[in-house]
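# Survey of secondary and tertiary structure
One letter stands for each residue in the lines below.
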Amino acid sequence: MTSISTPLPTVQPGSFLTLHYRLAGPAGDVINTFADKPATLSLGTGELSPAMEQRLLGLAEGTRTTFELPAGEAFGERNPDMQQWVARKLMNELGDPDEKYNVGDVVQFPTPDGQGSYAGAVMQVREDGAVLFDFNHPLAGQPVTFEVQLIGIL
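Here's what I pulled together on the structure shown here.

Conventions used here
- Residues numbered from 1 in each chain as written.
- Predicted model: local features only at pLDDT ≥ 70, side-chain atom pairs only at ≥ 80, totals over all residues.
- Heavy atoms only, no water.
- Helix = DSSP H or I, 4+ residues; strand = E, 2+ residues; numbered from the N terminus.
- Rg over C-alpha atoms; globule rule 2.2 N^0.38 Å.
- Buried < 20%, exposed > 50% of the residue type's maximum accessible area, 1.4 Å probe, protein only.
- Contact = heavy atoms within 4.5 Å.
- Areas by Shrake-Rupley, 256 points an atom, 1.4 Å probe, with all protein chains shown as cover.
- Lys, Arg positive; Asp, Glu negative; His and termini not counted.
- Charge placed at Lys NZ, Arg CZ, Asp CG, Glu CD.
- Core = buried A, V, L, I, M, F, W, Y, C linked by side-chain atoms within 4.5 Å.
- Phe/Tyr/Trp six-rings, centres within 6.5 Å; stacked < 30°, edge-to-face > 60°.
- Lys NZ or Arg CZ within 6 Å of the ring centre and 35° of its normal.
- Salt bridge = Lys/Arg side-chain N within 4 Å of Asp/Glu carboxyl O.
- Pairing = 2+ DSSP bridges.
- Axes fitted to C-alpha atoms, helices over the stretch in contact; angles between N-to-C directions.

### What to know about the overall build of the protein
Broken down by element type, the protein carries 2 helices and 9 strands. The N-to-C order of helical and strand elements in the protein reads β-β-β-α-β-β-α-β-β-β-β. Taking 15 Å as the expected radius of gyration for a compact globule of 154 residues, we find that the protein reaches 19 Å, considerably beyond that expectation. When burial is assessed residue by residue, the protein has 33% of its 154 residues classed as buried. Excluding contacts between residues fewer than 6 apart, the proportion of contacts in the protein whose partners are at least 24 apart in sequence is 61%. For the protein, the computed accessible surface area is about 9400 Å², with 53% contributed by carbon and sulfur atoms. Each charge sign in the protein was given a centre, from 9 positive and 19 negative side chains, and these centres are 3 Å apart.

Now the structure itself:
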């Protein structure tokens, strides 16, 4: 009697994945789900950068591997235009008027359509309360270690 083995599913464009992943730069981990519950995400929706999605294509369910992406490949180069001052009046409208902002804080902003959010890191706070944010990804312009364990592929 012969048994028919079914090949393991592999990552395709548009796959829905359950996975553990870790993103690290030269200063250490930025995201690490290995100690917590796994992440679920859909390829092609912008949850991972295109460079990271490319690395996942064709991998089989159950794979655990690490990719080293050169500086700037994972999240692009740092863009000086992504550093912007935001007036205190606008900060009060978007959030808590009593909020104190400190250098290094990461603040979530709603997207213009209100459907999502994006983050900015506080770089400087002026006397008048205006805040200089860096909207670059924290790993922009840096080499990135991308470790992944594919738990399930749909």
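### Some details on the nonpolar core
Core analysis: the largest hydrophobic core is formed by 22 residues, its most contacted members being Leu17, Leu56 and Phe146. Elements with a contribution of two residues or more to this core: β1 (16-25), β3 (39-42), α1 (50-56), β4 (64-69) and β9 (144-153). Sort the elements by how many residues they give to this core and β9 lands first, with 5 residues. Filtering out sequence-adjacent residues up to four positions away, Phe146 remains in contact with Tyr21, Arg22, Leu23, Leu48, Met52, Leu56, Thr65, Thr66, Phe67 and Leu69. Phe109, Val122, Val131 and Phe133 belong to the second-largest nonpolar core, a separate cluster that totals 9 residues.

### Things to note about the packing of aromatic side chains
This model, assessed by the stated rule, comprises 6 aromatic pairs. Between the aromatic rings of Phe133 and Phe135, the centroid separation amounts to 5.7 Å while the plane-to-plane angle is 25°, which identifies the pairing as stacked. The pair formed by Phe133 and Phe135 is uniform in burial state, with each residue classed as buried. An aromatic cluster of three or more residues is present, and its members are Phe109, Tyr118, Phe133 and Phe135. The lysine or arginine in question, Arg126, covers the ring of Trp85, its NZ or CZ lying 4.5 Å from the ring centre.

### What about the pattern of salt bridges?
Under the definition given, this model contains 7 salt bridges. The shortest N-O distance in the salt bridge between Arg55 and Glu73 comes to 2.8 Å. Taken together, the residues span a long stretch of sequence, with Arg55 in helix α1 and Glu73 in the loop between β4 and β5 (83-86) at a distance of 18 residues. Linking Lys89 and Glu93 is a salt bridge whose minimum nitrogen-to-oxygen distance equals 3.1 Å. Pair noted here: Lys89 and Glu93 are both in helix α2 (residues 88-94), with a separation of 4 residues, about one helical turn. Here Lys89 matches Glu93 in class, with each residue exposed.

### Considering the sheet that holds strand β8 (residues 131-134)
Strand order in the open sheet formed by 4 strands is β5-β8-β7-β6, with antiparallel pairing between adjacent strands. The open sheet has two edge strands with one neighbour each: β5 and β6 (106-110). Averaged over all pairs of adjacent strands, the angle between strand axes in this sheet comes to 40°, irrespective of strand direction. In this structure, strand β7 (residues 117-125) lies alongside β8, joined through 4 bridges in antiparallel fashion. Across the sheet, the residue bridging to Val122 is Phe133, located in β8.

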